[in-house]
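Given next are the chains, with one letter for each unit.
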Amino acid sequence: MRRLISPLVVAVVAGCAVVPQPADLVLTGGVVWTGAVGAPTGQAVAIRNGRIVRVGTDDEVRSFVGPATREIKLGGRLVVPGFIDDHTHFISGGFQLGSVDLRDASSPREFTARIARFVRQAPTGRWVTGGDWDHERWAGGVLPRHEWIDSVTKETPVFVTRLDGHMGLANRKAMQLAGITKATKDPVGGTIVRDARTGEPTGVLKDGAMDLVTTLIKVSNAEYDDAFRRAQAHALSLGVTMIEDMGGNGWDDFETFRRARDSGELKLRVYSFVPLSSWERLRDYVARNGTGDSRLRWGGLKGFVDGSLGSTTAWFFQPFTDAPKTSGLMVTDTAKMREWILGADKAHLHVAVHAIGDRANDWILNTYEWVAEQNGKRDRRFRIEHAQHLLRNDVGRFAQLGVLPSMQPYHAIDDGRWAEKRIGPERIKTTYAFRSLLKGGARLMFGSDWTVAPLDPLLGIYAAVTRRTLDGRYPTGWQPQEKVTVQDALRAYTANNAYGAFMERELGSLEQGKRADLVVLSQNILKMDPTRIPEARVDYTVIGGEIVYVRPQQAGVGPASGPLAVDAH
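Residues numbered from 1 in each chain as written. Predicted model: local features only at pLDDT ≥ 70, side-chain atom pairs only at ≥ 80, totals over all residues. Heavy atoms only, no water.

### Observations concerning the layout of surface pockets
What counts, and what does not: Points on a 1 Å grid over protein atoms alone make up a cavity when a 1.4 Å probe fits among them but cannot get out, and a pocket when they form an open set with protein on both sides within 12 Å along at least five of seven lines; lining residues each have an atom within 4 Å of a point. Grid points are joined across faces, edges and corners, and a volume is the space filled by probe spheres set on the points. In this text, helices come from DSSP runs of H or I with a minimum length of four residues, and strands from runs of E with a minimum of two, each type numbered from the N-terminal end.
Reported here for the second largest pocket is a volume of approximately 430 Å³. Along the wall of the second largest pocket there are 22 residues; nearest its centre are L143, K206, S311, T312 and A323. Breaking the lining of the second largest pocket down by element, the ones donating at least two residues are β12 (190–194) and α16 (419–427). Here the element with the most residues in the lining of the second largest pocket is β12; it accounts for four residues.

### Some remarks on the sheet that holds strand β21 (residues 518–521)
The line we're drawing: Paired strands, in this sense, are two strands between which DSSP finds at least two bridges.
The five strands are arranged β2-β6-β21-β22-β23 in an open sheet whose pairing can be described as mixed. If you trace the sheet from one side to the other, it starts and ends with β2 (31–32) and β23 (546–550), each paired once. Direction of pairing for β21 relative to strand β22 (residues 538–543): antiparallel, over a ladder of four bridges. Residue pairing for β22: V519 is matched across the bridge by T541.

### With respect to the packing of helix α11 (residues 334–346) against helix α12 (residues 358–375)
Heads up, the rule is: Geometry is summarised by axes, namely lines fitted to C-alpha atoms with helices restricted to the contacting stretch, and by angles between N-to-C directions that run from 0 to 180 degrees. Throughout this description, any angle smaller than 35 degrees is read as roughly parallel, any larger than 145 degrees as roughly antiparallel, any in the 65 to 115 degree range as roughly perpendicular, and the remainder as oblique. Should the near helix be turned anticlockwise from the far one by less than a right angle, the crossing is left-handed, and should it be turned clockwise, the crossing is right-handed. It only takes one pair of heavy atoms within 4.5 Å for two residues to be counted as in contact. The classification used treats Ala, Val, Leu, Ile, Met, Phe, Trp, Tyr, Cys and Pro as nonpolar, Asp, Glu, Lys and Arg as charged, and all other residues, Gly among them, as polar.
Running from N to C, α11 and α12 cross one another at 40°; their axes reach a closest spacing of 10 Å. Here α12 runs oblique to α11, going by the angle between their axes. When you trace α11 past α12, the crossing you get is right-handed. Residues T334, M337, R338, I341, L342, D345 and K346 of α11 lie in contact with α12, whose contacting residues are W363, I364, T367, Y368, W370, V371, Q374 and N375. Of the residues assigned to the contact of α11 with α12, the class counts are eight nonpolar, four polar and three charged.

### Concerning the packing of aromatic side chains
Pairs of aromatic rings are described using the distance from one ring centre to the other and the angle between the two planes. The condition is simple: Here the aromatic set is Phe, Tyr and Trp, taking the six-membered ring for Trp, and pairing holds for ring centres within 6.5 Å; pairs whose planes are under 30 degrees apart are stacked, those over 60 apart are edge-to-face, and all others are tilted. Accessible area is worked out with a 1.4 Å probe on protein chains only. A residue is then buried under 20% of its type maximum, exposed over 50%, and partly exposed in between. Look at NZ for Lys and CZ for Arg. If either is within 6 Å of the ring centre and within 35 degrees of the ring normal, a charge sits over the ring.
One pass over the structure, following the stated rule, counts 22 aromatic pairs. Ring centres 5.6 Å apart and planes at 85° place the aromatic pair F254 and Y285 in the edge-to-face group. Taken together, the residues span a long stretch of sequence, with F254 in helix α9 (residues 252–262) and Y285 in helix α10 (residues 279–289) at a distance of 31 residues. Comparing F254 with Y285 shows no difference in burial state: the two are buried. With a centroid separation of 5.7 Å and an interplanar angle of 70°, the aromatic rings of Y285 and W298 are classed as edge-to-face. In this pair, Y285 is assigned in helix α10 and W298 in strand β16 (residues 296–304), connecting sequence segments 13 residues apart. With relative accessibility at 9%, the residue Y285 sits in the buried group. Residue class for W298 comes out buried when judged on its relative accessible area of 5%. When the ring centre of W251 is taken as reference, the NZ or CZ atom of R281 above it lies at 3.9 Å.

Purely spatial values, then, with no claim about function.
As structure tokens, then:
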């Protein structure tokens, strides 16, 4: 028998409609780019218990506002998922923030003067490190020599590295401590640069030769912790909510992140990689402790095939155009590398390997393919860090093999100033092949390689979209066929990087149920002239629903439109 529902019952049910549980934080009146494929742009976001509960219109989100809800009034500004940096040397970056800065030193005189000023204020007996110098900035592009700084450093040991981290300059005191003389042989995977006339070391050490000095530099846990604090504050101010850290200091960086988490100081999310050579140690550590959580994750390993383009140690099939006696270096024995990757993959650890030159990239793609055949099919997400110079036939292999190209677009506008003199006009056509990789189906990842390049994701997006070199020589873009769109670059800095850390179910897009990591930008970079993207600023950084950074308001400096305010209801 069919029953009729009376109008009175309908009215009672309608009157008892479920009211959403109030949100902790809402952002209203803006443009919300969710990063979810096919999802429409929203106006507002509601957050509760660290997760997103709604993205939609202002009216939809205001239904989540309660007496204790905080509100960020966007005034038309853009909200995007929190930036994830796919490749940092984070603790080294923190040390650099407190060290001598040589990045924009434009002459040998300025190089010497900056070191002299820093040494005068440095604690007695402490090593002077950092630097990030770039010899391509001064006339002739000559490498520095220890004589440039010996008279201003005297008994202070100095080892300052090039911005790519693949060579450094030691002063005479540092070489004395390391026992480096004319008779010292080049170590495997490294080069001691020598005077062409006398054969004496010039102080420049490349790749594996750097270990002769760096193993002498002892740093306390307190110094590591201070470096982390500096780096984290810097990252939050740039909208970086997660880093995928490639270390640089062995396991010390991972231990620093663990101390920060245990003390409650870790606000960023971190995926920490340790050296590939230590894969057995990591295997045993994971067996005892798992792979961490959404705040601090581990289980990744980082290895090296070759060096860098700037140091002429990237491994190519053909010699360098401007250094025809070399085609680069294999910085790790390839037999050992294959053995490590095979063992690590069999233990279900995550492998990422640095490769710059075309031969290095070809070799690691072949190795990944072989290891997958040996160990069987599974979701392994092999990564190639940098993937800078590729053979045309290798571009499509990334998607075919499921290998992730983990790239850093700022390098393109930096290296583009001088790359052609290194490798000629043909090889640069498949250099930083962002668009080609995307067209081939690869899941492109972006980051900074900080401190090699600035940490700022907006500069990385600008570089990927415009490819305008730092010297202004290519206003329409260097190798412009490899430009990508702003949305492509945003996705590479968010969703794709979450995937590259096995965290795509939790992070990378602004969707209901995901963790509330997001950034409020002062301007809508999706609509503005791409050449002006560096003018945009981060107004708010939110991690897990917590506001961890608010841009200080200065006279005459404000958001593009609307108020910058957090209101309590």
